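Chain residues, written in single-letter form:
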Amino acid sequence: MHLMLQETRIWLFLEVILLVQCSLLSGLGIPTYQKLSPRELFKYRSYKDVQLFHFQVPAQMAYAKFAFRANETDSRCDPKNVTIYLQHGSYPVVSPLGARFPDNFHLARTSLTGLSARSDSTWLRYTEEAPLAGDWFVAAFTLYDDTRITQKGLGPSCHTVLESEARLEPQEDVITLVPEVTAHQRLILMHKINATQYYRFVVPEGTFSAVVNVSKCVEAGGGGPCPLAVSASPLALPTDGGPLTSSVNCSSLSSDDSSTGSGSGGGVCLLTLDTVPNRWHYVRLELENGTAAQFGIQIVLQDGCEGTHKENEYMLVSEMRCQSPARTAFIPVLFAEDSTLGNDSCDWDRVPLGRQSLAGSLAFIYDQLPDPVTTKPPARLNITTERPTYMTFEVQPVQDIGGTLTVAITLPTGLNTSLANVSVTGCLSHFVRGRVLEDGSCSSGVRLTVNTTTFSSGSGSDSGGRKDNITNLPYPEPGDWYLTLAVRCYLQQEYGRETPLVPCPENQTSLIFHIESAPCLQASCGANGACYQYFSGGFVFSTCVCWAGYGGWGCTDSSRATPDFQLLLATLLLTISNVLFVPAVLLALRRRYFTEAFVYAFAMFFSTFYHACDEEKYVFCLMRLSVMQFCDFYAGIFAFWVTLVCMADLAPAWSSLMNVGGAMLVALGVEYDRTGLWVFVVPVATAFVCMVSSWVYHCRRQRALYPSLRYLLLGLLPGATVAGVGLVCYALLETEENYKYTHSAWHCCIAVSILFLLPPRRPQTDSYSPVGGAAGGSGSSTGKLLRVTAGGSQQTVNTSSDSERGVADGHR
């Protein structure tokens, strides 16, 4: 009676749970149509250039149909090649330029798809069948071989923009398998289907595998062999060839096989599935020949005990189902009090871990729980040699996926190997718990092996014996990760094989493990790059920005590295070429153009140190790069301005006004857009118009050519020619390969052109003109100039009283 009341209460509780879950599932839905705002794409040089797009896919989707369209913002621009990568859970890990990844990198992804398109406004469509629930990220960029450095404003402004959208189609008519909680009877619910049918169930903590049991399967009506094909998958609907899908064809099994067969003989068709605790699992039953089938179905859960099936814990089919399942909702599985599921005496040893967040984003570690006495985690982990040991840790969605996850195991020194050597194999797996098989391989995930013979020092998870082994997972996928450890003992290692295997003399051994996430590759990019964190689409990720031609995830690929002598040559050319401004400074000082001399010296100084800081490897930064860049651009444009104003031969007041106004105008333009064309054209054109206007004024006033023909032929013509050659090099000929040569030529041409363009020294005048009245034209003097002849010579004297006295005194 007590047992019946207990089971009644459990069933009532299950019904309440089902009703609550169904109400939640129908009320919390993710939109089945998602459209993102168009975003500009950039040319790929490193991962910092990718644009990230984000979609959310709920659970139980039959299809996710993605559509992309790239176009150019200016119709005069040629279409470019656009590359798109689609990844579930985390950012795509790709190397579009073919750069090698560092050693010990694990690159396998659960779901990664690459697409190619053209920016010609044509829609590119891709359908993902049975997509995994959760976040989906798109990484997009352009790829083209044009290495020209086009100055902004000289041609059409070409920008590639990508539009993206997703349409989600849910799978209808999915039957939920509700747990049957009983310890004294076994119930099998018979089903009859005439089309493909989907089921789903969820497993509790501590359950790592389940068996789909299809029994008494026959062709409906005719009693022929079982026409069913059974597929099962965690997290998503089963698909043919899916990464997590397991399948078995019941029609191909012998009807007289009582354990694995299916057919009229009453056999059983079994499908074992690795499970993910607390997540939906899906089963698909397909008809092979289109005829209806009649069968019984149940789910038998397995715990950590190898080969043990719990016959008192299984699930029956329920017709209760929800129309809009949420991606995180599930139906709890409850068990009677006498259930043995999760019994520690039967399970593998589990090592509880604690998480410690480090300073900065993307940085955290997992370690053993602190010791109550020392309040610090133990330095070593003692694991049993009699059964596997496992630990689990979680990578949080979004916030943890932008770095590199490092997992390492090490055998400490001082292990007793007098009787046998020790080998520890680790299986690092995602979603499902990996198993170490008899041959030392892993059922899933990446394999790490260490032993005490240290046969090889090579890298890679399948290398020979080592005392330490490390693997790196860039942009780790979110969810639960498992590290399973198994100990084996052997006598010696020959040709990379541990042989012969012997019983371990001790029941435990020591191990050191390390689980850490950090930006880039352990927060570093080596000597040939720097680690940065970027935001794209609201998501943060870390990446290495390499220099000197190095590439790869950690700037370790030297296949395209620039030789050191070329790097040194580039730095020397771009800095020493500015020394040619020294003659221009000295000439300006000699001709008493002190303002111009100061501007030329200012331009020479900041151009030299800006390029010294902006180069690769051989670098010297006097101050922040952005400050020196501003000063370099500003001084370069202002040097043109003061030279043209000096050539204009303005009155001192007008010259001062033009220089001050030009300083303000150029500073405003450089700060607004220092790389634009107009920030150079507007000041230079304004000063040029001012110069020409002044020359015309002088010509009309003097009724003669101004400036002199000598200056026009020997100064203006060669100076303008040399400056024009420099402008052509700067604006039209620069590429990424020849930049050090063409830009250095630009420095030289501008410095040399000043030597020609700077006008000769003008004579110094007093307050009055030597002939023709006051220099200022004020006419304040009332004296008259008279020409007299004395002793055969003609003299000019002033008739004012002071002058007459001076002349008289002089003559005396």
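Residues numbered from 1 in each chain as written. Predicted model: local features only at pLDDT ≥ 70, side-chain atom pairs only at ≥ 80, totals over all residues. Heavy atoms only, no water.

1. Focus on the pairing of strand 4 (residues 81–88)
Here strand 4 lies mainly inside the structure; seven of its eight residues are buried. When strand 4 meets strand 5 (residues 112–118), the two strands line up antiparallel, connected through seven bridges. The residue bridging I84 from the neighbouring strand is L115, located in strand 5. Relative to strand 7 (residues 134–143), strand 4 runs antiparallel, the two being bridged by eight bridges. Along strand 7, the bridge assignment pairs N81 with L143. (Buried < 20%, exposed > 50% of the residue type's maximum accessible area, 1.4 Å probe, protein only. Helix = DSSP H or I, 4+ residues; strand = E, 2+ residues; numbered from the N terminus. Pairing = 2+ DSSP bridges.)

2. Description of the sheet that holds strand 8 (residues 160–170)
Reading across the sheet, the four strands line up as 1-8-3-6 and stay open at both edges, with antiparallel pairing between neighbours. Among the strands making up the open sheet, the edge pair consists of strand 1 (33–41) and strand 6 (123–129). Across this sheet, the average inter-strand angle for adjacent strands is 15°, counted without regard to direction. In the sheet, strand 1 pairs with strand 8 via seven bridges, with the strands oriented antiparallel. Within strand 8, the residue paired with R39 across the bridge is L162. (Axes fitted to C-alpha atoms, helices over the stretch in contact; angles between N-to-C directions.)

3. Examining the confidence of the model for the protein
Across the protein, the average pLDDT comes to 80, with 79% of residues at or above 70. With pLDDT under 50 throughout, residues 179–185 is counted as low confidence; its partners more than four residues away or in other chains account for 26 contacts. (pLDDT = per-residue confidence, 0-100. Contact = heavy atoms within 4.5 Å.)

4. Focus: the pattern of salt bridges
Applying the stated rule across the entire model yields 17 salt bridges. Among the salt bridges present, the one from D557 reaches R100, with a minimum N-O distance of 3.2 Å. In this pair, D557 is assigned in the loop between strand 32 (539–546) and helix 2 (564–576) and R100 in the loop between strand 4 and strand 5, connecting sequence segments 457 residues apart. The buried category is assigned to D557, whose relative accessible area is 5%. Residues joined in a network through salt bridges with shared partners are K35, R69, E163, E165 and R167. (Salt bridge = Lys/Arg side-chain N within 4 Å of Asp/Glu carboxyl O.)

5. Quick look at the sheet that holds strand 2 (residues 51–57)
In a beta sheet, neighbouring strands are held together by backbone hydrogen bonds and run either parallel or antiparallel to one another. Read from one edge of the open sheet, four strands run 2-7-4-5, paired in antiparallel fashion. If you trace the sheet from one side to the other, it starts and ends with strand 2 and strand 5, each paired once. Ignoring strand direction, the axes of neighbouring strands in this sheet form an average angle of 20°.

6. Some words on the environment of E386
Structurally, the position occupied by E386 is in the loop between strand 22 (381–384) and strand 23 (389–395). Overall, E386 belongs to the exposed group, its relative accessible area being 59%. On a C-alpha basis, the gap between E386 and A486 in space is 8.6 Å, while along the polypeptide they are 100 residues apart.

7. Some words on the side chain of N71
By secondary structure assignment, the location of N71 is in strand 3 (residues 61–72). In terms of polar contacts, N71 uses its side chain to reach the side chain of E163, at 3.5 Å. Sequence-distant contacts of N71, defined by excluding residues within four places in its chain, comprise S119, S121, H159, T160, V161 and E163. (Polar contact = N/O pair within 3.5 Å; in protein donor to acceptor, adjacent residues only side chain to side chain.)

8. Points about the packing of helix 8 (residues 709–732) against helix 9 (residues 739–757)
Closest axis-to-axis distance for the helix 8/helix 9 pair is 8 Å, and the angle between their directions is 165°. Taken together, the axis directions place helix 8 and helix 9 in an arrangement best described as roughly antiparallel. The hand of the helix 8/helix 9 crossing is left-handed. Residues belonging to the contact of helix 8 with helix 9 are distributed by class as follows: 18 nonpolar, six polar and no charged. (Parallel < 35°, antiparallel > 145°, perpendicular 65-115°, else oblique. Left-handed = near helix turned anticlockwise from the far one by under 90°. Nonpolar A, V, L, I, M, F, W, Y, C, P; charged D, E, K, R; others polar.)

9. Brief notes about the state of the cysteines
Applying the stated criterion across every chain, the model contains nine disulfides. Each sulfur in the disulfide pair C489 and C504 lies 2.0 Å from the other. Of note, the bridge from C489 to C504 carries an S-S torsion of about 110° and is right-handed in sense. Linking C489 in strand 28 (residues 479–494) with C504 in the loop between strand 29 (497–502) and strand 30 (508–518), this pair joins segments that are 15 residues apart in sequence. Taking relative accessible area as the criterion, C504 reaches 23% and is therefore assigned partly exposed. Across a sulfur-sulfur distance of 1.9 Å, C525 and C544 are joined as a disulfide pair. In this structure the cystine formed by C525 and C544 twists about its S-S bond by roughly -90°; its chirality is therefore left-handed. Within this pair, whereas C525 is found in the loop between strand 30 and strand 31 (529–536), its partner C544 is found in strand 32, the two being separated by 19 residues in sequence. Overall, the relative accessible area of 4% leaves C525 in the buried class. Assessed through its relative accessible area of 4%, C544 is described here as buried. (Disulfide = S-S within 2.5 Å.)

10. A closer look at helix 2
Spanning 13 residues, helix 2 covers 18 Å between terminal C-alpha atoms, matching the ideal 18 Å at 1.5 Å per step. Within helix 2, the full set of buried residues consists of L567, A570, T571, L574 and T575. Summarising the axial view, the buried residues of helix 2 lie within an arc of 110°, below the 170-degree limit, and thus occupy one face. Those residues of helix 2 hidden inside the fold are in contact with helix 4 (594–614) and helix 9. (Expected span 1.5 Å × (residues − 1). Arc of directions from axis to C-beta.)

11. A short note on the side chain of Q197
Examined against the element boundaries, Q197 turns out to sit in strand 11 (residues 197–202). The class for Q197 is buried, based on a relative accessible area of 9%. Among residues more than four places away in sequence, those in contact with Q197 are D173, I175, V283, R284 and L285.

12. A closer look at helix 8
Between its terminal C-alpha atoms helix 8 stretches 32 Å, which fits the 34 Å expected from 24 residues at 1.5 Å a residue. Turning to helix 8, its buried residues are Y711, G715, G719, A723, G726, C729 and A731.

13. Re the packing of aromatic side chains
Remark: the centre distance and the inter-plane angle together describe each pair of aromatic rings, the angle taken between the planes. Within this structure, the stated rule accounts for 32 aromatic pairs. Pairing Y47 with F541 gives two aromatic rings, centres 5.6 Å apart and planes at 75°, and the pair type is edge-to-face. In this pair, Y47 is assigned in the loop between strand 1 and strand 2 and F541 in strand 32, connecting sequence segments 494 residues apart. Exposure remark for F541: the relative accessible area of 1% places this residue in the buried category. Centroid distance Y730 to W746: 4.7 Å. Interplanar angle 25°. Geometry classified as stacked. Of the two residues, Y730 sits in helix 8 while W746 sits in helix 9, which places them 16 residues apart along the sequence. For W746, a relative accessible area of 13% corresponds to the buried category. (Phe/Tyr/Trp six-rings, centres within 6.5 Å; stacked < 30°, edge-to-face > 60°.)

14. Topic: the pairing of strand 30
Across three bridges, the pairing between strand 21 (residues 364–368) and strand 30 is antiparallel. Across the sheet, residue F364 finds its bridge partner in strand 30, namely S517. Looking at chain direction, strand 22 and strand 30 are connected through four bridges and run antiparallel. If you follow L381 over to strand 30, its bridge partner there is L511. Both strand 24 (residues 404–410) and strand 30 contribute to a ladder of seven bridges, which runs antiparallel. The residue bridging L405 from the neighbouring strand is S517, located in strand 30.

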